[in-house]
Amino acid sequence: MDLDAVRTFVAAAEAGRFQDAAAELSITQQAVSKRIATLEKILGVRLFTRTARGAKPTIDGQAFLPHARDLLRAEERAVASVRPGRRALRVDVIGRRLAPAAVLGDFHRAHPEVELDVVTLFDADAAIDAIQSGTIDASFRAVTMPGRQLPDDIEVARAFDEPVQLLTGPAHELASARTVTPTELAGYRIWMPGLVPGTEWAAYYDALAAAFGLTIEITGPDFGTEPLLDTIADSRSLATFVGEQTRLVWPADHGLRRIPVRDPAPVYPHSLVWHRDNPHPALAALRDHLCSGRFDHTDAGTWTPTWA
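Worth saying up front: this structure is predicted, and the values here are computed from it rather than measured.

Caption draft 1: View of the pattern of salt bridges. Considering all chains together, one arrives at 12 salt bridges under this definition. Between Glu-75 and Arg-7 there is a salt bridge whose closest N-O contact spans 2.3 Å. In this pair, Glu-75 is assigned in helix α4 (residues 59–80) and Arg-7 in helix α1 (residues 3–15), connecting sequence segments 68 residues apart. The class of Glu-75 is partly exposed, set by a relative accessible area of 25%. The class of Arg-7 is partly exposed, set by a relative accessible area of 27%. Note that Asp-20 is salt-bridged to Arg-17, the shortest N-O span being 3.2 Å. Looking at Asp-20, the relative accessible area reads 32%, which means it is partly exposed.

Caption draft 2: Inspection of a nonpolar patch on the surface at higher detail. There is a patch of nonpolar side chains on the surface, built from Met-1, Ile-42 and Leu-71 and spanning about 280 Å² of accessible area. Here Leu-71 shows up in helix α4.

Caption draft 3: Up close: helix α2 (residues 18–25). Those residues of α2 that sit buried are Phe-18, Ala-21 and Ala-22. Along the long axis of α2, the arc covered by the buried residues comes to 105°, so they all point the same way. Opposite the packed face of α2, turned more than 90 degrees from it, sit the exposed residues Ala-23 and Glu-24. Of the surrounding elements, those touching the buried residues of α2 are α1, α3 (29–43), β1 (48–51) and β2 (54–57). Positive phi appears at Ser-26, one or two residues downstream of α2, with a value of about 60°.

Caption draft 4: Spatial organisation of the nonpolar core. Counting 27 residues, the largest nonpolar core has Leu-166, Tyr-205 and Phe-241 as its most contacted members. Of all the elements, helix α7 (residues 200–212) adds the most residues to this core, at eight residues. Among all residues touching Tyr-205, those that are not within four sequence positions of it are Val-164, Met-192, Leu-195, Ile-216 and Phe-241.

Rules used in this analysis
- Residues numbered from 1 in each chain as written.
- Predicted model: local features only at pLDDT ≥ 70, side-chain atom pairs only at ≥ 80, totals over all residues.
- Heavy atoms only, no water.
- Salt bridge = Lys/Arg side-chain N within 4 Å of Asp/Glu carboxyl O.
- Helix = DSSP H or I, 4+ residues; strand = E, 2+ residues; numbered from the N terminus.
- Buried < 20%, exposed > 50% of the residue type's maximum accessible area, 1.4 Å probe, protein only.
- Patch = residues over 30% accessible without salt bridge, like charges linked within 9 Å, V, L, I, M, F, W, Y side chains within 5 Å.
- Areas by Shrake-Rupley, 256 points an atom, 1.4 Å probe, with all protein chains shown as cover.
- Arc of directions from axis to C-beta.
- Contact = heavy atoms within 4.5 Å.
- Core = buried A, V, L, I, M, F, W, Y, C linked by side-chain atoms within 4.5 Å.

Dropping the structure here:
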């Protein structure tokens, strides 16, 4: 449907005269008549009745008018969705229960005027491709994996470090510990079926296991968070790692324990990634928010992979 014709119809219906509609749209009265005639041909009905005082919508015109207004509002939303400065800021957060989503929620509370479009992409490669194509504006990722060479047009800045915790069931040998050290975990079975080889999070836990002689198992299908928690809750031997800010909910009778890991404390290095030529004004506000100091973690007593 010709939206210029729809816009002209709405202007004429609201003005009551083709001449006034022409003045509002900065076109000739002849152009108004031509557009209305085109729309009437498309719809197969008459939209106006000419009167001595101007033009009055017919019954069909009155029925079409609210839908015509909806079409024009839809056009405005469609244009705004892809116009930097007007469309929502699109940010990839890996997972909606993970720390980047919590940080983005904190940004939204501090800047409620900024409209956000939150997406979840699979890995850093997918995120960087989406940033380069303009599909998203930014992503929270651990991007400095071994052998990774970022494209020249991609900017990255360390956003925040998230401490890693040990999650056990109530019958696990370490369930009563207030804290554990990475070296104390050597010999225990840590089960993480969600680790996908080649991803940035798999690279992080590979480095953690190598640094402290840990056994991290990825065997078995990944059925999601709830089945993992069910298994950990019932196991005397299996534990898993979770981020400190990962939001987990489990039945009360699971009795799961979240145990801080200290001396040193492994922290996951979240970075913000964006295209250096991205003009979206809210992107600068997000970067400033991350630099506000509220997300700082001291480097003393922490561990990250050498590539971070």
